[in-house]
Amino acid sequence: MPRVSVEELKAIRERFRGFRRLREGKARARVVVHMGACGLKAGGRNILSRLLAAREQERAGEEVLVTVSGCAGQCDQEPMITVEVEGEDPVRYGRLNEETAVRILEEHAIGGRVVSEFVCVPSRTSGGVP
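As the structure is a prediction and not an experimental result, all values here were calculated from the model.

Rules used in this analysis
All chains use their own residue numbering, which begins from 1 and follows the written sequence. It should be noted that, the model being predicted, local features are given only for residues of pLDDT at least 70 and side-chain atom pairs only at 80 or more, the latter also being counted only at that level, while totals for whole chains, interfaces and linings use all residues. Where side-chain values are given, they derive from all heavy atoms of the structure, hydrogens and water being excluded. Helix numbering and strand numbering both begin at the N terminus, where a helix is a DSSP run of H or I of at least 4 residues and a strand a DSSP run of E of at least 2. In this description, contact between two residues means that some pair of their heavy atoms is separated by no more than 4.5 Å. For the area figures, the Shrake-Rupley method with a 1.4 Å probe applies, and any residue is considered shielded solely by the protein chains shown. One speaks of a salt bridge when a side-chain nitrogen belonging to Lys or Arg is within 4 Å of a carboxyl oxygen belonging to Asp or Glu. For every residue, the accessible area obtained with a 1.4 Å probe (protein chains only) is divided by the maximum for its type, and the residue is called buried under 20%, exposed over 50%, and partly exposed between those limits. Positive charges come from Lys and Arg alone, negative charges from Asp and Glu alone, with His and the N- and C-terminal ends not counted. Any N or O atom pair separated by 3.5 Å or less is treated as a polar contact, with the protein-specific requirement of one donor-capable and one acceptor-capable atom, and with residues adjacent in sequence counted only for side-chain atom pairs. The criterion for strand pairing is that DSSP finds at least two bridges linking the strands in question. Joining through side-chain atoms within 4.5 Å is the link that ties buried Ala, Val, Leu, Ile, Met, Phe, Trp, Tyr and Cys residues into a set, and such a set is a nonpolar core. Working convention: axes come from line fits to C-alpha atoms, limited for helices to the stretch in contact. Angles between N-to-C directions cover 0 to 180 degrees. Like charges within 9 Å and nonpolar side chains (Val, Leu, Ile, Met, Phe, Trp, Tyr) within 5 Å are joined into patches, using only residues over 30% in relative accessible area that form no salt bridge.

**Q** Mind showing me how you'd approach the overall build of the chain here?
**A** Summing up its helical and strand segments, the chain has four helices and four strands in all. Its helices and strands in sequence order give the chain the pattern α-β-α-α-β-β-β-α, from N to C terminus. Residue pairs at least 24 apart in sequence account for 63% of intrachain contacts in the chain once pairs closer than 6 positions are excluded. Only carbon and sulfur atoms are counted for the fraction: they give 51% of the accessible area of the chain, which is about 8,000 Å².

**Q** For this particular structure, what's the right way to read the pattern of salt bridges?
**A** Per the counting criterion, the structure on display carries seven salt bridges. Residues Arg 55 and Glu 56 are paired through a salt bridge, measuring 2.7 Å at the closest nitrogen-oxygen approach. Residue classification places Glu 56 among the partly exposed positions, given a relative accessible area of 43%. In this structure, the salt-bridge partner of Arg 103 is Glu 117, at a minimum N-O distance of 2.9 Å. Placement of Arg 103 in helix α4 (residues 98-110) and of Glu 117 in the segment after α4 is noted, with a sequence separation of 14 residues between them.

**Q** Would you mind showing me how to read the side chain of Arg 92 here?
**A** Among the structural elements, Arg 92 can be located in strand β4 (residues 91-93). No salt bridge is formed by the buried Arg 92; its nearest oppositely charged neighbour, Glu 84, is found at 7.6 Å. For Arg 92, the side chain forms a polar contact with the side chain of Gln 74, separated by 3.0 Å. At 3.3 Å, the side chain of Arg 92 forms a polar contact with the side chain of Thr 82.

**Q** Hey, could you run me through the pairing of strand β1 (residues 29-34) in this one?
**A** For a regular strand, the rule is simple: side chains alternate between the two faces of the sheet. With respect to burial, β1 is a largely interior element, five of its six residues being buried. Taken together, the six bridges between β1 and strand β2 (residues 64-69) define a ladder with parallel strand orientation. Across the sheet, Ala 29 pairs through a bridge with Val 64, a residue of β2. Of the pairings in the sheet, the one linking β1 to strand β3 (residues 81-85) comprises five bridges and is antiparallel in character. Within β3, the position partnered with Val 33 by the bridge is Ile 81.

**Q** Help me understand the nonpolar core, please; the structure alone is not making it clear to me.
**A** Across soluble globular proteins, nonpolar side chains have a tendency to be buried as a group. Membership of the largest hydrophobic core comes to 23 residues, with the highest contact counts inside it found for Val 31, Val 33, Leu 51, Ile 81, Tyr 93 and Ile 104. A per-element tally of this core places α4 first, with five residues. Beyond its immediate chain neighbours, meaning those up to four positions away, Ile 104 contacts Ile 81, Val 83, Tyr 93, Leu 96, Ala 109, Val 115 and Phe 118.

**Q** What am I meant to see in the sheet that holds β3 here?
**A** Think of a sheet as strands paired side by side through backbone hydrogen bonds, with each pair either parallel or antiparallel. Spatially, four strands are ordered β2-β1-β3-β4 in an open sheet, and the strand pairing comes out mixed. Two strands in the sheet have a free side with no partner beyond their single neighbour: β2 and β4. For this sheet, the mean inter-axis angle between neighbouring strands, taken without regard to orientation, is 20 degrees. Where helix α3 (residues 44-57) meets the sheet, its contacts fall on β1, β2 and β3, and the angle it forms with β2 comes to roughly 165 degrees. Contacts between α4 and the sheet are confined to β1, β2, β3 and β4, with β3 contributing the most and set at about 15 degrees to the helix.

**Q** What should I look at first to understand a nonpolar patch on the surface in this one?
**A** A surface patch of nonpolar side chains, about 250 Å² in accessible area, is lined by Val 4, Leu 9 and Ile 12. The topology assignment puts Leu 9 in helix α1 (residues 6-24). The exposure class assigned to Leu 9 is partly exposed, which follows from its relative accessible area of 49%.

As structure tokens, then:
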């Protein structure tokens, strides 16, 4: 079994602290990156990395969590994120790139303003709810 460095253990601890805060409801907002097969193919992994970096740069780590989920059932809208703000209905955004995802993080998850131009509308075939 390979040895784990102290730095790797610290990174693991921080990642699980975020999951614990989410379960305990201590964060004010959560950004979910949909990373099913379609989401990954459309660039979901790059969006996730960029959102995590932007969240730290904005120093929003305690108030905004960035997490992942699987398929959201709207392949034609990928890559997608959902923003959940405490006390409000979730908003799903689609057809994003890294810059628009960061804009949504800053304006909606941190600033509290929905970015209407990227809000998903359910497709006829998906049956999904935005």
